[in-house]
Amino acid sequence: MPPSGIRFFDVRRVRAVATHVDIDNGVVESAGSSFSDASLVRVLGPLGWGMVSVNNLDPESKGELDRVLAEGLALARITEDKVDLAEPPRGERKVPVPGEDPRSLSLEEKTGVLAKIEKAAKVPGIASTRATYIERAEEVFYTDSSGYEAGSAVTRCGFSVIAVAKRNGDAQMGRESHHTIHGFNLRHQEPMGVKAGETALALLDAGAAKGGKMRAVLDPELAGVFAHEAVGHASEGDLVKEGSSVLAGRIGEQIGPAILTIVDDPGLPEFGFEPVDAEGCLTARTEMVSRGRVNAYLHTRETLAALGNGMAGHGRAEAGEPPHVRMSNTFIEEGDASVGEIFAECRDGILLVGSRGGQVDPGRGVFQFNAEYGYLIEKGEQGRMVRDVSLSGEILSTLHGILLCGNKREMHQGFCGKGGQSVPVSDGSPHILLSDAVVGGSGTD
Amino acid sequence: MELIDQILAAGGRSAQEVEVYLVEGTGVSAELKRGMVATATGSREWGLSIRTIDHGRIGASATSSPDRWEECLQAAVASMALSTTQEWRGLPEPAEIRRSAPSFDERVVPDPSVAQGFLKGMLEGARKHPEAKITSGSGSLGRSEVTIANSHGIRYTAARTEVGCSLETICGQSTGSEFAHSAFLEIDPAWVGERAAFFAVHSAEGRPMETGPCDILLSPVALAQFLGNILVPALSGRTVHAGRSRLAPLLGQKCFDGRIDLLDDPFARGLGATAWDAEGVPAARLDFVKAGVLSSFAYDLKAAYRYGAKPTGSAVRGGFSGSPAIGVHELVLDGPREAIASDRALYVHDVVGAHTANPVSGDFSVECQNPIWVEGGGFQEPVRKAMLSGNFFDALREIGGIAAGSRIVGNAILPCIRLNNMQVIG
């Protein structure tokens, strides 16, 4: 039984070792590890939440936990909005066994392998290169006032490499990265370094794109970011509950073509994988958009109780921070079009490749993101390369503009920020064709 | 403090120099959801960062556990062995710190009822535009103490406080947001609430605009996004010497409009005020741009020693866990102030997607938040949707002027500026 006045409490303790290597123009700038131990204790008082974030909490020390619970209850007493919690789906997914456990390798070895990728980026004509490796091994322990306990350990690692090419005062950058939960992934990746270098050089000869409304083909990486920004955030139950989402009140509504299905699945063994969510719930696949219709929202226990339409298990949090409704592995399901058919149908437009990230205002329903680069499409054929191209639009009108979905999906990894917290995610899609896309670029012809 | 002595003594057995950076803090925040207080959070932070340096090799580690300091020290020493040897002339010696920086207000106490008061104040302000619905908001107060010590005898401690509040609103499908932050108990929650509600309501009547060039008024918030994502990285000595800054060959040249001064003023009354930087080097005013002329780049000790430059006291840390890196304490954009909203221009309250700009070339394409036509010194008709594209370095070559007044936006103190002839897609 929780102490008097407390309807529910839970404790999430995360102990982590973070390792990084940073190599800049052949110089090992830094390489090392740091250790952290952070907990968040949530107390549901008579109305809302009181939460306490502390380092080095021992949840098994009753005296220590009781003090923190009392502190949480005192905080909860200023709340005004009654929070209810839906029943939690219990269980944990098995963490995939890593191929080569990065924790078993010495820092020297990681540094040496990363240095090869960085060196490979220095193709003739490249002025500057940099490669970074990050690794985070997390052990999570969860318990709540019902006595339920869950625990898991996941190690994520990955690298990024950038190359900068310069000519006559112009500077352009190529970037490649790969992150995973499946073990050390840096071996034999020199070709990604070379690709970063070659992209930077090619961009020196690329022109600026002329902005405007046009047909656009999004490659799988950018289309994945599109799914994440345009639909994923607006499907988050906390934003829907607050009234900050254009998808609020639209369950069952057709917002896109019947070929469009958009999914978030934290149980998928990709970079956003969670064996159990930040509220100790079993994670599961949610179809946010199913055959063009708004099908479900992403939920924590609180937002599910308030809104219905979906499943809990989408709560994610940084160590010591409150869980928010978050995406994990978000993707557009495959359609039936080949890339050739998509180009032919586009006829004249632009191909947008890769992603420099994006952002959305889900309440206004407006999103923006930047491609790494693009190519003009002329008479169904890939034409000249263009740089600094972006895509923005209104979620609802843009989804209706999806004309074709390709038949081969790829996933790409990244980090997503919300409420001051960053969590690892993956996004994916096949190629998609958009009509009337608002493409940004500073070119004039 | 006994812990610091222990670490310095133990570290001295493995390295020529040792540095300890210790942060302790407490804070409270309260969150609004749909106009009601939904959550209150308290936090206690403790963090330790150790650097060890031996014959030009630098190692670092960090921990949030006081009883793991020995492991942390060992990790720093191990990481030292891996780093590339570089030219190194030592951690700073103790210096007389003559000025105190305005970073602490004893009135700031992490009391949840004060955070609750910020929320009530914002709600009261928002009531001036009742068509706006409150979606979310927060109020927070924090106190911390930061200590830096090294094996040369430096031991500086500074107390810091921070208060802040923010509100998000919606009117139909039009959103508005505003915030205020300060080291002092000087924020005006009612103003934050009124502005957040105003922007949502005013922009709800937005009409489409024609695609084409027009002048832009960048609010301090929008300006901070461009400066932080494009210009500040290009002013880092490390970026410059690594060949990733477009400004690298332009030192001493007129790169920007002659009315622009851009400087780091660590003694300004903002959020990053400090008398010493994250390596214990005395902080001082650093003029990046004087009357449009590129005058200095920023250096921490590592970059300064490596590239033969003078350290500028520009080391900053993003919390205890990061090694020091080159940054700014309080970025100030200044210059002659004038009326810049007389002739027609598009005001941009904030932008979506500034982090996707190309930091090397300066090219950007962003979606405008609350774009509104201004003319005759005031807001006119709102615009529904506007995408702004261009090159930020080029846009600052000849600006339309700098408005009176400045505000704190993160670690910057900025005015509203007018950009000429920018490309906008309606």
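Trainee: Just to check I follow, could you spell out the environment of Arg 326 of chain A for this structure?
Mentor: Residues and elements named next belong to chain A. Mapped onto the fold, Arg 326 is located in the loop between strand S15 (324–325) and strand S16 (329–332). Given 27 C-beta atoms within a 10 Å radius, Arg 326 is considered buried. Once the C-alpha coordinates of Arg 326 and Tyr 297 are considered, the two residues, 29 residues apart in sequence, prove to be 11 Å apart. Setting aside anything within four residues of it in sequence, one finds Arg 326 in contact with His 314, Arg 316, Cys 416, Lys 418 and Val 423.

Trainee: Quick question: what am I supposed to make of the sheet that holds S16 of chain A here?
Mentor: Residues and elements named next belong to chain A. Strands sit in the order S11-S10-S9-S16-S25-S24 across an open sheet of six strands; the sheet is mixed. Of all strands in the sheet, those with a lone pairing partner are strand S11 (293–294) and strand S24 (410–418), marking the two edges. Across two bridges, the pairing between strand S10 (residues 286–290) and S11 is antiparallel. Paired with Val 289 across the bridge in S11 is Val 294. Here helix H4 (residues 220–232) sits on the sheet in contact with strand S9 (262–264), S10, S16, S24 and strand S25 (421–429), set at roughly 120° to S25.

Trainee: I keep staring at the domain arrangement of chain B and nothing clicks. Help me out?
Mentor: By convention, interface size is frequently given as the accessible area that disappears when the constituent parts associate. Residues and elements named next belong to chain B. Each domain of chain B was delimited in the assignment, giving domain 1 (2–200) and domain 2 (205–426). The C-alpha-based centres of domain 1 and domain 2 are spaced at 23 Å. Across the contact, 34 residues belong to domain 1 and 25 residues belong to domain 2. Broken down by secondary-structure element, the contributors of at least two residues to the side of domain 1 that touches domain 2 are strand S1 (17–33), strand S2 (36–54), strand S3 (57–63), strand S4 (133–150), strand S5 (155–171) and strand S6 (174–182). The residue makeup of the side of domain 1 that touches domain 2, split by class, is 19 nonpolar, 10 polar and five charged.

Trainee: What exactly am I supposed to notice about the pairing of S6 of chain B here?
Mentor: Sheet faces and side chains relate simply in a regular strand, where the side chains alternate between the two faces. Summarising burial for S6 of chain B: seven of the nine residues are buried, a large majority. From the end of S5 of chain B to the start of S6 of chain B, which pair antiparallel, there are two residues, and Gly 172 of chain B there has a positive phi angle of about 65°.

Trainee: Would you mind going over the nonpolar core with me for this structure?
Mentor: Here is a general trend for soluble globular proteins: nonpolar side chains tend to be buried in one another's company. Within the largest apolar cluster, 202 residues are counted, with the highest numbers of intra-cluster contacts made by Leu 352 of chain A together with Ile 216, Leu 217, Leu 346 and Val 348 of chain B. It is helix H5 (residues 220–234) of chain B that contributes the most residues to this core, 10 residues altogether. Here Leu 217 of chain B is in contact with Ile 340, Ala 341, Ala 345, Leu 346, Tyr 347, Val 348, Val 374, Cys 416 and Arg 418 of chain B, once residues within four sequence places are set aside. With 51 residues, the next largest nonpolar core counts Leu 44 and Leu 57 of chain A together with Ala 180 and Ala 197 of chain B among its residues.

Trainee: Before we go on, may I ask you to explain helix H3 (residues 190–204) of chain A in this structure?
Mentor: Structurally, the α-helix is built with 3.6 residues per turn, so residues lying three or four positions apart point the same way. Residues and elements named next belong to chain A. The end-to-end C-alpha distance of H3 is 22 Å, a good match for the 21 Å that 15 residues give at a rise of 1.5 Å each. The set of residues buried in H3 consists of Met 192, Gly 193, Ala 196, Gly 197, Thr 199, Ala 200 and Leu 203. Buried positions in H3, seen along its axis, are confined to an arc of 155° and lie on one side of it. Those residues of H3 that are buried lie in contact with helix H2 (107–121), strand S4 (126–144), strand S5 (149–167), strand S6 (170–180), strand S20 (373–378) and strand S21 (381–387).

Trainee: Which parts of the structure should I look at to understand unusual backbone geometry?
Mentor: Glycine aside, the phi torsion of most residues is negative, and most peptide linkages are trans. Its identity is not glycine, yet Asp 388 of chain A carries a phi of approximately 50°, on the positive side. With respect to the helices and strands, the residue Asp 388 of chain A is situated in the loop between S21 and strand S22 (390–394). Located in the positive-phi region is Ala 291 of chain B, a residue other than glycine, with phi close to 45°. Within the secondary structure, Ala 291 of chain B is located in the loop between strand S9 (286–290) and strand S10 (293–294).

Trainee: Can you help me understand the sheet that holds S10 of chain B in this one?
Mentor: Adjacent strands of a sheet form backbone hydrogen bonds with each other and so pair up, either parallel or antiparallel. Residue and element names in this part refer to chain B. One open sheet holds the six strands; their spatial order is S10-S9-S8-S13-S22-S21, and the pairing between them is mixed. In the strand order of this sheet, the two ends are held by S10 and strand S21 (407–409), each with one partner. Contacting strand S13 (331–334), S21 and strand S22 (412–414), H5 runs over the sheet at an angle of about 130° to S22.

What counts and what doesn't
Residues numbered from 1 in each chain as written. Chains lettered and ligands numbered in written order. Predicted model: local features only at pLDDT ≥ 70, side-chain atom pairs only at ≥ 80, totals over all residues. Helix = DSSP H or I, 4+ residues; strand = E, 2+ residues; numbered from the N terminus. Buried ≥ 20, exposed ≤ 12 C-beta atoms within 10 Å, placed from the backbone. Contact = placed C-beta atoms within 7 Å. Pairing = 2+ DSSP bridges. Axes fitted to C-alpha atoms, helices over the stretch in contact; angles between N-to-C directions. Domains from an automatic or database assignment. Nonpolar A, V, L, I, M, F, W, Y, C, P; charged D, E, K, R; others polar. Core = buried A, V, L, I, M, F, W, Y, C linked by C-beta atoms within 7 Å. Expected span 1.5 Å × (residues − 1). Arc of directions from axis to C-beta.

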